[in-house]
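# Close look at the chain arrangement
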Amino acid sequence: MQRRGSPVAFSVLRQSVPGVGSGPAERGGARQWAGLGGGGSMSRVLRAACGLGAAAARCRGGRALSQAAGEGGGAEGSGGGGSGSREAVERLVREHPVVVFMKGSPAQPLCGFSNAVVQILRLHGVEDYRAHDVLQDPDLRQGIKNYSNWPTIPQVYLNGEFVGGCDILLQMHQNGDLVEELKKLGIRSALLDAEKDQDKK
């Protein structure tokens, strides 16, 4: 079982998201380092991720669609008229155990916060999830905010329940709660295996 504030988790995250490990997370274990309770200021990690997202938005042409992440899923439209209605959003939230509303797609995140969510899920080996690009559908973008009563994107849902945005997912990753929540969905976190390998060394 993953220990809270596991150095393996930080090590893997440091390799995946530029800037991780250079701030208080590395020095302070499971301290909150994503601006949670810290006056709302963004950490160096998130600023770096935002820079990557902005660069991706400038450099990558093409249109990202709402899509299923992973090998099994193809692109899925986010719906036509009424896509922002409570009923339409409810259907999307409940269509899969892991659902992310983001800017861009998992293959092409167009915002650093969305990129950070994708990287965290990837670290845990979560490749099969539904991702919806709110930039392609203004009604859905506003509809999901109304549905969750949460003003920002990305938004993560596990088993139909709103978990939070990037900062909350980072905190859950950091303190081990994400491993437990994934386990409830029948998903074994890849970090458990990474930690086991680290312990053998």
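For the structure, check the block above.
## Section: the overall build of the protein chain
When helices and strands are counted, the protein chain shows 9 helices and 5 strands. The linear arrangement of helices and strands in the protein chain, starting from the amino end, is α-α-α-β-α-β-α-β-α-β-β-α-α-α. Long-range pairs, those at least 24 residues apart, make up 68% of the contacts in the protein chain between residues at least 6 apart in sequence. Accessible surface, the protein chain: about 9600 Å² in total, of which carbon and sulfur atoms supply 48%.

## Section: the packing of helix α4 (residues 86–93) against helix α6 (residues 138–148)
The interhelical angle for the contact between α4 and α6, taken along N-to-C directions, is 80°, at an axis separation of 9 Å. Comparing their axes, α6 and α4 come out roughly perpendicular. Of the residues in α6, those touching α4 at Arg-86, Val-89, Glu-90, Leu-92 and Val-93 are Leu-140, Gly-143, Ile-144 and Tyr-147. For the contact of α4 with α6, the class distribution of residues is 6 nonpolar, 1 polar and 2 charged.

## Structural notes on the environment of Asn-175
The residue Asn-175 is located in helix α7 (residues 166–175) in this model. At a separation of 2.9 Å, a polar atom in the side chain of Asn-175 contacts the main-chain amide nitrogen of Asp-177.

What counts and what doesn't
- Residues numbered from 1 in each chain as written.
- Predicted model: local features only at pLDDT ≥ 70, side-chain atom pairs only at ≥ 80, totals over all residues.
- Heavy atoms only, no water.
- Helix = DSSP H or I, 4+ residues; strand = E, 2+ residues; numbered from the N terminus.
- Contact = heavy atoms within 4.5 Å.
- Areas by Shrake-Rupley, 256 points an atom, 1.4 Å probe, with all protein chains shown as cover.
- Axes fitted to C-alpha atoms, helices over the stretch in contact; angles between N-to-C directions.
- Parallel < 35°, antiparallel > 145°, perpendicular 65-115°, else oblique.
- Nonpolar A, V, L, I, M, F, W, Y, C, P; charged D, E, K, R; others polar.
- Polar contact = N/O pair within 3.5 Å; in protein donor to acceptor, adjacent residues only side chain to side chain.

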